[in-house]
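Examination of the molecular architecture
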Amino acid sequence: MKKLEIIIRPDRLEELKMILNSYSVGGMTVTSVMGCGNQKGDISELKGMKLVSMNLIPKIQANIVVQDDVVDDILAIVHEKLASGRVGDGKVFVYPVEEAMRIRTGERGTKAI
């Protein structure tokens, strides 16, 4: 199992939901976050001290857990459908998931997702 942490522009959430639904993703957690990449950092100097000014912009972070065999397909379609070619489209981080358990039933592993 893998956890995908998908950070996107807020206006792309509905399209992401359609993509994940087409892969029968069982569930997702969505959080409103603020952040910036390298392009938003501004370093200036005041009296010999470096100051960093960061312009944080709103993003959406979606977390899902999926089977290993669909990760590459999901990454490819997310890139194809959500990339605008402009700075700030977002990122996807992929993490291994050692175990999962559904609290209600106690089911573990792939049955829990």
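See the structure above.
Residues numbered from 1 in each chain as written. Predicted model: local features only at pLDDT ≥ 70, side-chain atom pairs only at ≥ 80, totals over all residues. Heavy atoms only, no water.

1. Considerations on the sheet that holds strand S5 (residues 57-66)
- Strand order in the open sheet made by the four strands is S2-S5-S1-S6, with antiparallel pairing throughout. Looking at the sheet topology across the chains shown, the edges are occupied by strand S2 (29-35) and strand S6 (90-96). Within this sheet the neighbouring strands show an average axis-to-axis angle of 20 degrees, counted without direction.
- Sheet analysis places strand S1 (residues 2-8) next to S6, joined by seven bridges and oriented antiparallel. Counterpart to Ile 8 in the pairing with S6 is Gly 90. (Pairing = 2+ DSSP bridges. Helix = DSSP H or I, 4+ residues; strand = E, 2+ residues; numbered from the N terminus. Axes fitted to C-alpha atoms, helices over the stretch in contact; angles between N-to-C directions.)

2. Considering the pattern of salt bridges
- Scanning all chains against the criterion turns up six salt bridges.
- Taking the shortest distance from any N to any O, the salt bridge between Arg 9 and Asp 89 comes out at 3.2 Å. Taken as a pair, Arg 9 in the loop between S1 and helix H1 (13-22) and Asp 89 in the loop between helix H2 (71-82) and S6 lie far apart in primary sequence, 80 residues in all. The two residues Arg 9 and Asp 89 agree in class, both being buried. (Salt bridge = Lys/Arg side-chain N within 4 Å of Asp/Glu carboxyl O. Buried < 20%, exposed > 50% of the residue type's maximum accessible area, 1.4 Å probe, protein only.)

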